[in-house]
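Chain by chain, the residues:
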Amino acid sequence: MNITFAHIILLSAACAVALPAAAQAPTSSKVFSRVVNPDIPASMTLCGKKVDLDRTDMYERLDRELTSMAYTHGNTMLVIKRANKLFPVIAPILKQNGVPADMLYLACIESSLNPRAISSAKAGGIWQFMPATARQYGLEVGDEVDERFNIEKATAAACRYLKNALGKYGGNWSSVMASYNGGMARVSSELDKQQAADAFDLFLTDETSRYMFRVMAMKLIMENPAAYGFDLRREQLYFPQEYKEVKVSGPVDDWATWARKQGISYRQLREDNPWIRARKLTNKAGKTYTVKVATPASSSRSKQKKPVYNTKWVRE
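This report concerns the structure included in the present document. Worth saying up front: this structure is predicted, and the values here are computed from it rather than measured.

**Focus on the nonpolar core**
Part 1: In this structure, Leu113, Trp127 and Met222 are the most contacted members of the largest nonpolar core, which totals 76 residues.
Part 2: Elements that contribute at least two residues to this core include exactly strand E1 (43–46), helix H2 (56–71), helix H3 (73–96), helix H4 (103–111), helix H6 (151–168), helix H7 (173–182), helix H8 (184–193) and helix H9 (206–223).
Part 3: Broken down by element, the residue count for this core peaks at 10 residues, all from H9.
Part 4: In contact with Trp127, other than residues within four places in its own chain, are Ile90, Leu94, Met103, Leu106, Ala107, Glu110, Ala154, Thr155, Ala158 and Tyr180.
Part 5: Membership of the second largest hydrophobic core comes to 15 residues, among which are Val145, Val252, Trp275 and Val293.

Structure below.
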């Protein structure tokens, strides 16, 4: 029998539960579950390009991230659950803009797919835009409206950034990823100073050096979670909701009152429209905003549709 990483994880857990008290080690002894290192492939594909992992540092850098991510069970499992709800929204926008689907995993690394994520540096949303960069790429950022938290608009803005960077780096997606973390100016400067053509070959800060490998590790796990010990059933995933879209072109004196008139709670309104950042909307410019109002059926776990984005994420 070929014992895999996933088998070891599951067998260790089963044995810890199944053995009778008499068969277990004495309480005075320390007993540890077996810890297995995940296999590192000889190569993998990233954004349509083969990445050779034979070079010592390439192997070790991916090993660090994949091992860490495989054993950070709670957060990695949460990302898989959220991905089932959000990838159907994000993936078509990437495709429409000619951005590789592997950039889905960049969003996973940036925010763990938390639409309300805010970093200590004030980067916000799934794509973790800083306010100035968000405005540069066409997003409204203010006290009442912050489109960094609008999944569709922020994804379109991320596509504009990524394609701009791709042109700057001659089609090299690893350098694009590095720039998303470290900034285009810094990565461009280091490519020039270090006489390199690829961010994989740069000596950078630890965070930026690790960044591409974190994306690669997330891709490996999410393409086949069971191989790394993750065991989910369909009903445990989070599912896309269906919405009625309401256009708002004027001021809103009180969003709670507005929500009640739509048959939803203020909490539902804010959860489904995290770009709303205040209790009211002044909207002096008369801009038209699209507000999502979830249908009653899609707001119920027992009634909502339960599609699975990637069948490898679950065991039926």
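**Here's the deal with the environment of Lys244**
Part 1: The topology assignment puts Lys244 in strand E3 (residues 243–248).
Part 2: Judged by its relative accessible area of 43%, Lys244 falls in the partly exposed class.
Part 3: In sequence terms Lys244 and Arg82 are 162 residues apart; their C-alpha atoms lie 21 Å from each other.
Part 4: Apart from the residues within four sequence positions on either side, Lys244 is in contact with Gln262, Val291, Lys292, Val293 and Thr295.
Part 5: Polar contacts involving the side chain of Lys244 include one to the side chain of Gln262, which spans 3.3 Å.

**Quick word on the packing of aromatic side chains**
Part 1: Throughout the structure, instances matching the rule amount to 11 aromatic pairs.
Part 2: Chaining the aromatic ring pairs together yields one cluster made of Trp127, Phe129, Tyr137, Tyr161 and Tyr180.
Part 3: One Lys or Arg, Arg277, reaches over the ring of Phe149 and ends 3.9 Å from the middle of that ring.
Part 4: Positioned over the ring face of Tyr243 is Lys292, at 5.2 Å from the centre of the ring.

**So, the pairing of strand E4 (residues 289–294)**
Remark: a regular strand shows side chains that alternate across the two faces of the sheet.
Part 1: Among the 6 residues in E4, 5 count as buried, and that is most of the element.
Part 2: In this sheet, E4 lies alongside E3 in antiparallel orientation, the contact comprising 6 bridges. Residue pairing across strands places Val248 opposite Tyr289, the latter belonging to E4.

**Quick word on the environment of Glu140**
Part 1: Examined against the element boundaries, Glu140 turns out to sit in the loop between helix H5 (131–136) and H6.
Part 2: Residues Glu140 and Lys153 lie 13 residues apart in sequence; the distance between their C-alpha atoms is 9.8 Å.
Part 3: Apart from the residues lying within four places of it in its own chain, the contact partners of Glu140 are Val145, Asp146, Glu147, Lys287 and Tyr289.
Part 4: Of note is the side chain of Glu140, whose polar atom sits 2.7 Å from the side chain of Lys287.
Part 5: Separated by 3.0 Å, the side chains of Glu140 and Tyr289 make a polar contact.

**Observations regarding the side chain of Arg61**
Part 1: By the secondary structure assignment, Arg61 is in helix H2.
Part 2: Polar contacts involving the side chain of Arg61 include one to the main-chain carbonyl oxygen of Ser209, which spans 3.3 Å.
Part 3: Arg61 has contacts with Arg55, Phe200, Ser209, Met212 and Phe213, leaving out every residue within four places of it along the chain.

**Topic: H6**
Part 1: For H6, built from 18 residues, the straight-helix expectation of 26 Å at 1.5 Å per residue is met to within 8% by its first-to-last C-alpha distance of 26 Å.
Part 2: All of the buried residues in H6 are Ile151, Ala154, Thr155, Ala156, Ala157, Ala158, Cys159, Tyr161, Leu162 and Ala165.
Part 3: In this fold, the buried residues of H6 make contact with H3, H4, H5, H7 and H8.
Part 4: Where H6 begins, the side chain of Asn150 points an oxygen toward the backbone nitrogen of Glu152, at a separation of 3.2 Å.
Part 5: Once H6 finishes, Gly170 follows within two positions and takes phi at roughly 60 degrees, a positive value.

**Observations concerning H9**
Part 1: Helix length check: H9 (18 residues) gives 26 Å between terminal C-alpha atoms against 26 Å at 1.5 Å per residue, within 8%.
Part 2: At Met212, H9 shows its maximal bend, which comes to roughly 30 degrees.

**With respect to the packing of H3 against H9**
Part 1: Where H3 contacts H9, the two axes come as close as 11 Å, and the packing angle between them is 75 degrees. Between H3 and H9, the interaxial angle falls into the category roughly perpendicular. The segment H3 lies against H9, with Thr76, Val79, Ile80, Ala83 and Phe87 engaging Met218, Ile221 and Met222.
Part 2: Each residue belonging to the contact of H3 with H9 can be placed in one class, and the counts come to 7 nonpolar, 1 polar and no charged.

Calculation rules
Residues numbered from 1 in each chain as written. Predicted model: local features only at pLDDT ≥ 70, side-chain atom pairs only at ≥ 80, totals over all residues. Heavy atoms only, no water. Core = buried A, V, L, I, M, F, W, Y, C linked by side-chain atoms within 4.5 Å. Buried < 20%, exposed > 50% of the residue type's maximum accessible area, 1.4 Å probe, protein only. Helix = DSSP H or I, 4+ residues; strand = E, 2+ residues; numbered from the N terminus. Contact = heavy atoms within 4.5 Å. Polar contact = N/O pair within 3.5 Å; in protein donor to acceptor, adjacent residues only side chain to side chain. Phe/Tyr/Trp six-rings, centres within 6.5 Å; stacked < 30°, edge-to-face > 60°. Lys NZ or Arg CZ within 6 Å of the ring centre and 35° of its normal. Pairing = 2+ DSSP bridges. Expected span 1.5 Å × (residues − 1). Bend = angle between axes of the 7 residues up to and from the residue. Axes fitted to C-alpha atoms, helices over the stretch in contact; angles between N-to-C directions. Parallel < 35°, antiparallel > 145°, perpendicular 65-115°, else oblique. Nonpolar A, V, L, I, M, F, W, Y, C, P; charged D, E, K, R; others polar.

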